[in-house]
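Now for the letters of each chain:
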Amino acid sequence: MNAQLVTARQLGLVSCHDCRLLIDAQQVDTHPHCPRCGAHLHLRKPNSLARTWALVWAALICLVPANLLPMTITTALGTKQADTIMSGVIYFMQSGSWEVATVIFVASIFVPCAKLLILIYLLLSVRFRSAWRPRDRTVLYRLTELVGRWSMVDIYVVTILVALVRLGAVAAIEAGPAAVYFAAVVVITMFAAESFDPRLIWDVVEEDV
Amino acid sequence: MSSHSTSRHRYPQDRLPERATPADAAICASGHRTDPLLIACPNCDLLHRLAPQGDATLLCFRCGAVLYRDKPNSIERGLALTLTALILFVLSNSFPFLAMKSGGLVQETILLTGIRELWNEGMQGLAFLVLLTCVLVPLAQMLGLLYILAPLYGGRPPARHAGRVFRLVQEVAPWGMMEVFLIGVLVALVKLGHMATIVPGVSVFSFAVLIFIMAAAYSSLDPPLLWDRLDLRR
């Protein structure tokens with residue numbers, strides 16, 4: 001590693017999470033608030049690894065009912081039909097609208113799973129003090145931060161369907177129990193990505209050099 | 001200003017900033033007021049010295065995170081776009097969003113009807129989540145930006161607690177999901193296409209424009225400049 005690279009931590013400086021002002025670490029010990037923006041200051045996000053692990057496990061647990069229970073319950077002319085996320089995707093593929101099938105598959109199945117796998121990988125890599133391609137791992141982290149929100153698509157689809165399809169006895173769509181679990185997965189993984197501190201990846205690399 | 005300003009760079013040619021030297025940092029640590037040009041990368045903590053570079057975007061030397069982006073006339077642009085967004089937001093929430101025709105029945109809905117239906121169905125948590133991400137957070141962002149930018153326009157001093165408001169605006173930003181909602185609308189349209197005729201209302205169009213205006217308003221902000229103006233120590 002280049003000897004010229006200096007981090008804020010090595011020089012006893014704390015970078016404000018909200019406004020990026022650099023503050024002397026000793027000053028932070030006595031008064032842990034940013035003088036410029038008032039945010040709470042910490043060298044690294046507090047208990048980053050433990051919090052992220054807890055949220056990842058919670059999301060993994062919610063992911064099971066989210067995929068197994070019905071997302072929507074359609075009543076049309078007296079017959080009820082329950083659809084899970086995956087059966088919705090298959091239905092679209094068979095009916096020829098593969099674009100919609102792709103959107104739902106990517107947003108509701110691929111993104112949440114990929115996001116959780118990436119977070120688990122990042123957590124393990126910090127835990128086992130990996131020095132392998134820290135830059136690419138940071139890019140992976142930025143990716144999880146960016147894509148998580150798109151998983152909400154299915155929740156919005158359900159909301160719109162429920163609002164529109166209220167034609168009395170002819171047809172009605174209700175939100176199924178999976179909607180709640182799926183929303184929980186999206187919200188929890190967003191918090192998980194936020195609680196992980198990517199600077200830990202680099203701390204480990206620097207300490208081991 | 002610069003004689004080389006004809007060579008305008010966009011995207012990855014973005015230059016790398018100078019790395020901070022230990023001497024920089026020593027100066028920085030000795031005083032209570034730190035050097036405003038010195039900045040730590042939010043993703044990997046590496047220190048950089050951001051020399052003014054015109055319109056280049058500066059990336060972290062080590063991990064590639066964006067450290068600085070040139071934002072010309074950020075206050076004027078931000079204010080104009082925020083006001084536009086507010087007008088479109090009022091439009092989007094007052095007019096019908098979608099109408100569904102099936103047989104002789106017509107079902108019309110505005111943005112908030114779906115949320116009310118979810119609530120009545122006993123899914124209050126879900127209803128609240130949709131309300132929060134599609135209505136409350138974007139509204140809070142717009143009003144917050146207006147509160148911050150309006151006094152700064154024309155060089156007046158910032159409003160009371162504007163720094164705290166800006167911090168809030170930045171923190172709620174990931175939870176505003178209007179663009180995701182629009183994709184949801186498109187998927188729902190296709191899904192219902194075989195069951196009934198769907199007529200998109202005024203709201204859908206104003207909502208689609210609102211998303212772009214909102215994104216433009218948010219990305220026209222210049223956080224370093226704003227933090228300099230909103231400094232709580234002043």
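These numbers come from a predicted model, not from an experiment.

## Overview of the overall build of chain B
Helix and strand content of chain B: eight helices and eight strands. Within chain B, buried positions represent 47% of all 234 residues. At a minimum sequence separation of 6, the contacts of chain B that also span at least 24 residues come to 65%. Looking at chain B as shown, the accessible area adds up to about 11500 Å², and 64% of this sits on carbon and sulfur atoms.

## Thoughts on the domain arrangement of chain A
All names here are of chain A. For chain A, the assigned domains read domain 1 (1–43) and domain 2 (47–208). The C-alpha-based centres of domain 1 and domain 2 are spaced at 34 Å. The interface of domain 1 with domain 2 comprises five residues on the first partner and five residues on the second. Together domain 1 and domain 2 conceal approximately 470 Å² of surface at their shared face, both sides included; 34% is due to carbon and sulfur atoms. Summed over the shared surface of domain 1 and domain 2, the result is three salt bridges. Between Arg9 and Glu206 there is a salt bridge, and its shortest N-O distance comes to 3.9 Å. Taken together, domain 1 and domain 2 are joined by one residue pair in polar contact (both at pLDDT 80 or more).

## Brief notes about the pairing of strand E4 (residues 79–83) of chain A
Residue and element names in this part refer to chain A. Relative to E4, strand E3 (residues 72–76) is paired through five bridges, and the arrangement is antiparallel. If you follow Ile73 over to E4, its bridge partner there is Ala82. Hairpin connection between E3 and E4: a loop of two residues separates the two successive antiparallel strands, and Leu77 in this loop has a positive phi of roughly 50°.

## What about the nonpolar core?
Among soluble globular proteins, nonpolar side chains are generally buried collectively. One finds Phe181 and Phe207 of chain B to be the most contacted residues of the largest nonpolar core, which totals 100 residues. Counting residues per element, this core draws most heavily on helix H4 (residues 98–127) of chain A, which supplies eleven residues. Excluding anything up to four places from it in sequence, Phe207 of chain B contacts Ser92, Phe97, Leu111, Met178, Phe181 and Leu182 of chain B.

## With respect to the packing of aromatic side chains
Scanning the model with the defined rule gives eight aromatic pairs over all chains in all. Put simply, the rings of Tyr156 of chain A together with Phe97, Phe181 and Phe207 of chain B pair up and form one aromatic cluster.

## Observations concerning the packing of helix H6 (residues 153–164) of chain A against helix H3 (residues 111–120) of chain B
Remark: H6 of chain A packs on H3 of chain B, axes separated minimally by 8 Å, with the N-to-C direction vectors making an angle of 85°. On the basis of their axis angle, the class for H6 of chain A and H3 of chain B is roughly perpendicular. Contacts between H6 of chain A and H3 of chain B pair Thr159, Val162 and Ala163 of chain A from the former with Thr113, Gly114, Ile115, Glu117 and Leu118 of chain B from the latter. Classifying every residue of the contact of H6 of chain A with H3 of chain B gives four nonpolar, three polar and one charged.

## Quick notes on the packing of helix H4 (residues 124–152) of chain B against helix H5 (residues 162–172) of chain B
All names here are of chain B. Viewed as axis vectors pointing N to C, H4 and H5 meet at an angle of 150°, and their least axial separation amounts to 9 Å. Classified by the angle their axes make, H4 and H5 are roughly antiparallel. Between H4 and H5 lies a crossing whose hand is left-handed. For the pair formed by H4 and H5, the contact residues are Val137, Gln141, Gly144, Leu145, Tyr147 and Ile148 on the first element and Ala162, Val165, Phe166, Val169 and Val172 on the second. Partitioning the contact of H4 with H5 into residue classes produces nine nonpolar, two polar and no charged.

## Here we look at the interface of chain A and chain B
Between chain A and chain B, the contact holds 66 residues from the first and 73 residues from the second. Across the interface of chain A and chain B, roughly 6300 Å² is buried in total on both sides, 68% from carbon and sulfur atoms. Contact with chain B buries area across many residues of chain A, yet Arg36, Tyr156 and Leu164 of chain A alone supply 12% of it, more than any other trio. On the surface where chain A and chain B come into contact, there are four salt bridges. When the shortest N-O distance is used, the salt bridge between Glu206 of chain A and Arg62 of chain B registers 2.9 Å. Applying the counting rule to chain A against chain B returns 14 residue pairs in polar contact (both at pLDDT 80 or more). Of the residues forming the side of chain A that touches chain B, the biggest block, ten residues, is contributed by H6 of chain A. Residues that form the side of chain A that touches chain B fall into these classes: 43 nonpolar, ten polar and 13 charged.

Each value, and the rule that gives it
- Residues numbered from 1 in each chain as written.
- Chains lettered and ligands numbered in written order.
- Predicted model: local features only at pLDDT ≥ 70, side-chain atom pairs only at ≥ 80, totals over all residues.
- Heavy atoms only, no water.
- Helix = DSSP H or I, 4+ residues; strand = E, 2+ residues; numbered from the N terminus.
- Buried < 20%, exposed > 50% of the residue type's maximum accessible area, 1.4 Å probe, protein only.
- Contact = heavy atoms within 4.5 Å.
- Areas by Shrake-Rupley, 256 points an atom, 1.4 Å probe, with all protein chains shown as cover.
- Domains from an automatic or database assignment.
- Buried area = accessible area lost by both parts, 1.4 Å probe.
- Salt bridge = Lys/Arg side-chain N within 4 Å of Asp/Glu carboxyl O.
- Polar contact = N/O pair within 3.5 Å; in protein donor to acceptor, adjacent residues only side chain to side chain.
- Pairing = 2+ DSSP bridges.
- Core = buried A, V, L, I, M, F, W, Y, C linked by side-chain atoms within 4.5 Å.
- Phe/Tyr/Trp six-rings, centres within 6.5 Å; stacked < 30°, edge-to-face > 60°.
- Axes fitted to C-alpha atoms, helices over the stretch in contact; angles between N-to-C directions.
- Parallel < 35°, antiparallel > 145°, perpendicular 65-115°, else oblique.
- Nonpolar A, V, L, I, M, F, W, Y, C, P; charged D, E, K, R; others polar.
- Left-handed = near helix turned anticlockwise from the far one by under 90°.

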